[in-house]
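Okay, here's what each chain looks like letter by letter:
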Amino acid sequence: MGGLKIAFITPEAVPFAKTGGLADVSGALPRAVTKQGHSVKLFMPKYRQITRQYPGLKRLNIELDIPVGRNNFRGRVFVLPDTEGNPEYYFIDNDYFFDREELYRDPATDNDYRDNDERFIFFSRAVLRTLKLLDWRPDILHANDWQSALVPAFLKTEYSLDNFYQGVKSIFTIHNMGYQGKFPAAAFEKTNLDPALFAATGPFEFWGDVNFMKAAIVYSDRITTVSPTYAEEIQNSDEFGKGLQGVLKERSRDIVGIINGVDYTIWSPKRDSQIPHHYFIDNLSGKKKNKLELLHLCNFPLRIEQPLIGVISRLDIQKGFDLLEDIMDDIMSLDLQFVLLGTGDENYHDFFNSIEKKYPDRFKAFLTFDNRLAHLIEAGCDIFLMPSRYEPCGLNQMYSLKYGTVPVVRKTGGLADTVIDFDERNLTGTGFVFEKYDSMELLAAIRKAVQLYSRRRIWHKIVKQGMSRDFSWDNSARRYIELYYKLKD
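Keep in mind the model is a prediction, meaning the values are calculated, not measured. (Residues numbered from 1 in each chain as written. Predicted model: local features only at pLDDT ≥ 70, side-chain atom pairs only at ≥ 80, totals over all residues. Heavy atoms only, no water.)

(A) Broad picture of the overall build of the protein. Tallying secondary structure elements over the protein gives 18 helices and 20 strands in all. Over its C-alpha atoms the protein spans a radius of gyration of 23 Å, differing by no more than 12% from the 23 Å that the globule rule assigns to 489 residues. The C-alpha extent of the protein, read off along each of the three principal axes, is 65 × 45 × 45 Å. Counting the 489 residues in the protein, one finds 60% classified as buried. By sequence separation, contacts in the protein at least 24 residues apart represent 71% of the contacts at least 6 residues apart. Accessible area for the protein stands at about 20,500 Å²; split by element, carbon and sulfur atoms hold 47% of it. Measuring between centres, the 63 positive side-chain charges of the protein sit 5 Å from its 66 negative side-chain charges. (Helix = DSSP H or I, 4+ residues; strand = E, 2+ residues; numbered from the N terminus. Rg over C-alpha atoms; globule rule 2.2 N^0.38 Å. Buried < 20%, exposed > 50% of the residue type's maximum accessible area, 1.4 Å probe, protein only. Contact = heavy atoms within 4.5 Å. Areas by Shrake-Rupley, 256 points an atom, 1.4 Å probe, with all protein chains shown as cover. Lys, Arg positive; Asp, Glu negative; His and termini not counted. Charge placed at Lys NZ, Arg CZ, Asp CG, Glu CD.)

What follows is the structure, given as structure tokens:
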């Protein structure tokens, strides 16, 4: 089989711009696909932070003139030179839309930018126009989340008779159903598409609003999600499908769940440049040293024999913090220490500050973003909590497994697909899994983990079984490549 040509379209990608896990996926998956012999061009907006951090971007001799409603907007295209062995990175530039302090939210109001519809209509149209001007016809257009959801829609409508795009297929990946790109009805005119497409129950209409994600679900040739369990959940309940479960169910045959991978060049205790002491599965002495470093940082007594629990998360109800609120005193009554890193809802900031004042020698809250500290928490903790209400994929539980930090998770989405509940009778499993979204079930799982921590032989077996799991991007990329080939054929 010959190599494929993939246009990978995303609103964010590491190392250029990031607000969440989508950026990690968009940074790693195109690299892994390229490594397996395929040609990938990644397209994303040229945000202010990219302009500042990458002054060496090369401007191409391409001028874009993109209609958005009754207005036309000029655009330019930049490329990152010297990407031998990596994808080619292309950046769509328009100062009016992308020269802003943040990617999607206005820091002055702490709300989404009011013209996000126009910004990403422009971006989606600009990508399709740029591919034609480059005369580079992809086999697959791979769009990600609502910000690039209009790419499959434009492909199947406005470009349906364009010779250049004949036979080109599209894939749309849903990273989180919670963010769908919903806008008032007036936004539809800005797409410059046939008004009939916004008729009741049409591809774009959603309870009177415009829904970019719905359009992508209708028009894409295949839809992927970031874990097999999440692929099932979003079709079968309003809680997970967020109102689009019926539309998804209609496309059930075309939905595939592929678990995200982990970039082990960054997240591996053998080679992690962010931690002071390296270690590996056959010699965990470095893990104990990292734990001591973390205890020092937290100003905790050096009780190395006590389990140290870690949390790294956005402080949001989706992540299960309402469960933790209910049982925090019960958790702190156990023989353990606890460190938390994250930012989010101010109510949770206040709550965890109060817990720190109550248990200053055993609970520490770092209410900030700190990448180096995140690595140290993964390397230095014994137990990692992810009690999510829903979790499309999750990455920290997979990081934790590789770092020998035993995860306690709820059985949902990617957490269900990656963590195997420990069976004391057969001594199998890699963590502790609770099913019902209930604070008492979470507490029971934490108690079980803490009790088994003192049984060193069993604990080391759980640790090593977790560290031996392979969630590398090579495996996930192979699944995507298989899907690309099926579509192309």
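There is more to say, and it comes next.
(B) Broad picture of the layout of surface pockets. In this structure, the second largest pocket spans a volume of roughly 290 Å³. As for the second largest pocket, its lining consists of 15 residues, and the residues nearest its centre are K288, D382, Y453, R456 and H460. Elements represented by at least two residues in the lining of the second largest pocket include exactly α10 (285–297) and α17 (456–467). (1 Å grid on protein atoms, 1.4 Å probe; cavity = no way out; pocket = protein on both sides within 12 Å on 5 of 7 lines; lining within 4 Å. Points joined across faces, edges and corners; volume = space filled by probe spheres on them.)

(C) The arrangement of the packing of aromatic side chains in detail. Counted according to the given criterion, the structure contains 35 aromatic pairs. Centroid distance Y47 to F98: 5.9 Å. Interplanar angle 85 degrees. Geometry classified as edge-to-face. Highlighted residues: Y47 in the loop between β2 (39–45) and α2 (48–53) and F98 in helix α3 (residues 95–98), separated in sequence by 51 residues. Here K41 stacks its cationic end above the ring of W136, 4.7 Å away from the centre of that ring. Over the ring of Y96 we find R100, and its NZ or CZ is 6.0 Å from the ring centre. (Phe/Tyr/Trp six-rings, centres within 6.5 Å; stacked < 30°, edge-to-face > 60°. Lys NZ or Arg CZ within 6 Å of the ring centre and 35° of its normal.)

(D) Examining the nonpolar core more closely. Ranked by internal contacts, the top residues of the largest apolar core, which has 98 residues, are L141 and F204. Sequence-distant contacts of F204, defined by excluding residues within four places in its chain, comprise L150, A153, F188, L193, L197, F198, D209, V210, N211, A215 and Y219. (Core = buried A, V, L, I, M, F, W, Y, C linked by side-chain atoms within 4.5 Å.)

(E) Layout of unusual backbone geometry. Residue P15 is reached from V14 by a cis peptide bond, and omega for that bond is 10 degrees. On the secondary structure map, P15 appears in the loop between β1 (5–9) and α1 (21–35). One non-glycine residue, T201, lies in the positive phi region at around 65 degrees. Structurally, T201 can be placed in the loop between β10 (182–183) and β11 (205–206). Residue classification places T201 among the exposed residues on the basis of a relative accessible area of 71%. Its identity as a non-glycine residue notwithstanding, N299 has a phi of 60 degrees, on the positive side.

(F) Local environment of the sheet that holds β10. Pairing within the open sheet is antiparallel, and its three strands lie in the order β10-β12-β11. The open sheet has two free edges, formed respectively by β10 and β11, since each of these has just one partner strand. Bridging between β11 and strand β12 (residues 209–211) involves two bridges; their strand directions are antiparallel. Bridge pairing in β12 links E205 to V210. (Pairing = 2+ DSSP bridges.)

(G) Structural view of the sheet that holds strand β17 (residues 363–366). Strand order in the open sheet formed by six strands is β17-β16-β15-β18-β19-β20, and the pairing between neighbours is parallel. The strands lining the two open edges of the sheet, one partner per strand, are β17 and β20 (432–434). Going from strand to strand, the sheet's axes swing by 15 degrees on average, the running direction of each strand aside. As judged from the three bridges shared by strand β19 (residues 406–410) and β20, these two strands associate in the parallel manner. Looking at β20, one finds that V408 is bridged to F432. Together, β15 (308–312), β16 (337–341) and β17 form the strand contacts of α10, whose direction differs from that of β15 by roughly 75 degrees. Contacts from helix α16 (residues 439–453) reach β15, β18 (383–386), β19 and β20 within the one sheet, and its direction differs from that of β20 by about 165 degrees. (Axes fitted to C-alpha atoms, helices over the stretch in contact; angles between N-to-C directions.)

(H) Here's a closer look at a negative patch on the surface. There is a patch of like negative charges on the surface, built from E325, D326, D345, E346 and D350. Within the residue set of the negative patch, elements represented by two or more residues are α11 (321–332) and α12 (346–358). By the element assignment, D326 lies in helix α11. (Patch = residues over 30% accessible without salt bridge, like charges linked within 9 Å, V, L, I, M, F, W, Y side chains within 5 Å. Salt bridge = Lys/Arg side-chain N within 4 Å of Asp/Glu carboxyl O.)

(I) Seen up close, the pattern of salt bridges. The full count for this structure, using the stated rule, is 27 salt bridges. A salt bridge links R74 to E63; the nearest nitrogen and oxygen atoms lie 3.9 Å apart. Here the residue R74 occupies a position in strand β4 (residues 71–79), and E63 occupies one in strand β3 (residues 58–68), the gap between them amounting to eleven residues. For the salt bridge of D254 with R222, the shortest nitrogen-to-oxygen distance reads 3.5 Å. Of this pair, D254 sits in the loop between α9 (245–250) and β14 (255–257) while R222 is found in strand β13 (residues 222–225), placing the two residues 32 residues apart along the sequence. Through salt bridges with shared partners, a single network forms among K46, R76 and D93.

These results come straight from atomic positions and should not be treated as a statement about function.
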